[in-house]
Amino acid sequence: MNLPTALPTDRAALDRALAMVAEESFFAMIDPVPADVSAVDGPMIGARVTFEGAFSGALNCRMPRALAEELTAAFTGEDLSADTAAVDDLAGEFANMVCGRWLTDVAPQWLFRLDHPEVAHVAAPASAPSGMLNGQPIWLELTVEK
Amino acid sequence: MKPLNILIVDDSATMRQFVRRAVQLSEVPVANVLEAANGKEALAVIDANEIDALFTDINMPVMSGPELLRELQRQGRETPARIVVSTDGSEVRRQEMEGLARWYVNKPVRPEVVRDVLNELANGIAD
């Protein structure tokens, strides 16, 4: 089996993975980012998933903590907003699912090992969000290397 | 129908809770639902309990899902029945799991999929 000739960094595949995970697992829709998107008011949470296989890299997913709490409630059917560990865990799983979907899309013929997500409190990036999820911004940053 | 003993193996507590809920919604008779955070913990649970069905993630620290399944195969265990739950929907991953697991389902597993799998398993045990 040949190694990929080019590193798969196309944004469309990542956006597809994000939309699929949001819709299928969290019953949420990804909307385009409006021109007048406001700054995040409140704490942010970031999850980083590293992967290794035919190529290696990392996916960083950042979102307002309030969004992570909403996703946790949508996924578990319970209000776990006060449960910091559950919200952190869900943020990591969200990133894990997006990364897994993306890898399946761009390199279906290869096996990858995904490491346990690292979750931390982060600052809002200066860059534009990747999309709006439940009306709140979400950022995905992908780094890929041989 | 004999109530099933089920083991859920995932490093995410939220995902274990989600599968546990799907099991409860399946309405299949269940005796116990046990949990483990990785393959090594799962082996200890399997050694100490009579497990009918094992739901396992693939990527986990300490011992991965495939490593767990290969260890069970190496030990010559026929039970528990193995269900792999993964975000990796690639054909190559499915092929890797052939012979190691009876079912392969995409993460997050849907309650109706859990119901179908457990019904098939419970009916097989009852036969």
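Below is a summary of the structure that appears in this document. It should be emphasised that the depicted structure is a prediction, and the values quoted were computed from it without experimental measurement. (Residues numbered from 1 in each chain as written. Chains lettered and ligands numbered in written order. Predicted model: local features only at pLDDT ≥ 70, side-chain atom pairs only at ≥ 80, totals over all residues.)

Quick notes on the overall build of chain A
Using the following cut-off: For helices the rule is a DSSP run of H or I covering at least 4 residues; for strands it is a run of E covering at least 2, with both sets numbered from the N terminus onward. In this setup the radius of gyration rests on C-alpha atoms only. A globule is expected at 2.2 Å times the number of residues raised to 0.38.
Helix and strand counts for chain A come out as 3 helices and 7 strands. Reading chain A from its N end, one meets helices and strands in the order α-β-β-β-α-α-β-β-β-β. For 146 residues, the compact-globule estimate of 2.2 N^0.38 gives 15 Å, and the C-alpha radius of gyration of chain A, at 15 Å, lies within 12% of that figure. Considering only C-alpha atoms, chain A reaches an extent of 45 × 35 × 25 Å along its principal axes.

Here we look at unusual backbone geometry
Negative phi values dominate among residues other than glycine, just as trans dominates among peptide bonds. The line we're drawing: The exposure label follows from counting other C-beta atoms within 10 Å of a residue's C-beta, where the C-beta atoms are placed from the backbone and the thresholds are 20 or more for buried and 12 or fewer for exposed, leaving partly exposed in between.
A cis amide bond links T79 of chain B with the next residue in sequence, P80 of chain B, at an omega value of 0 degrees. Phi is positive for F27 of chain A, close to 55 degrees, though the residue is something other than glycine. The topology assignment puts F27 of chain A in the loop between helix 1 (11-26) and strand 1 (30-31). By C-beta crowding, F27 of chain A is classed as exposed, having 11 other C-beta atoms within 10 Å. A positive phi angle, close to 55 degrees, is found at N134 of chain A, a residue other than glycine. Note that N134 of chain A resides in the loop between strand 6 (131-133) and strand 7 (136-145).

Considerations on the packing of helix 1 of chain A against helix 3 (residues 84-106) of chain A
Residues and elements named next belong to chain A. Just so we agree on the cut-off: Here, axes are lines fitted to C-alpha atoms. For helices the fit covers the stretch in contact, and angles between N-to-C directions go from 0 to 180 degrees. Should an angle fall under 35 degrees it is taken as roughly parallel, and over 145 as roughly antiparallel, whereas 65 to 115 is taken as roughly perpendicular and any remaining angle as oblique. By convention, the crossing between two helices is left-handed when the near helix turns anticlockwise from the far helix through less than a right angle, and right-handed when the turn is clockwise. Here contacts are defined at the residue level, using C-beta atoms placed from the backbone and a cut-off of 7 Å between them. Residue polarity follows a fixed list, in which Ala, Val, Leu, Ile, Met, Phe, Trp, Tyr, Cys and Pro are nonpolar, Asp, Glu, Lys and Arg are charged, and the others, Gly among them, are polar.
Where helix 1 meets helix 3, the axes come as close as 8 Å, and the angle between the chain directions of the two elements is 130 degrees. Taken together, the axes of helix 1 and helix 3 are oblique relative to one another. Crossing of helix 1 against helix 3: the hand is right-handed. Across the interface between the two elements, A13, L14, R16, A17, L18, M20, V21 and S25 of helix 1 pack against F94, M97, V98, R101, W102, D105 and V106 of helix 3. Class assignment for the residues of the contact of helix 1 with helix 3 results in 11 nonpolar, 1 polar and 3 charged.

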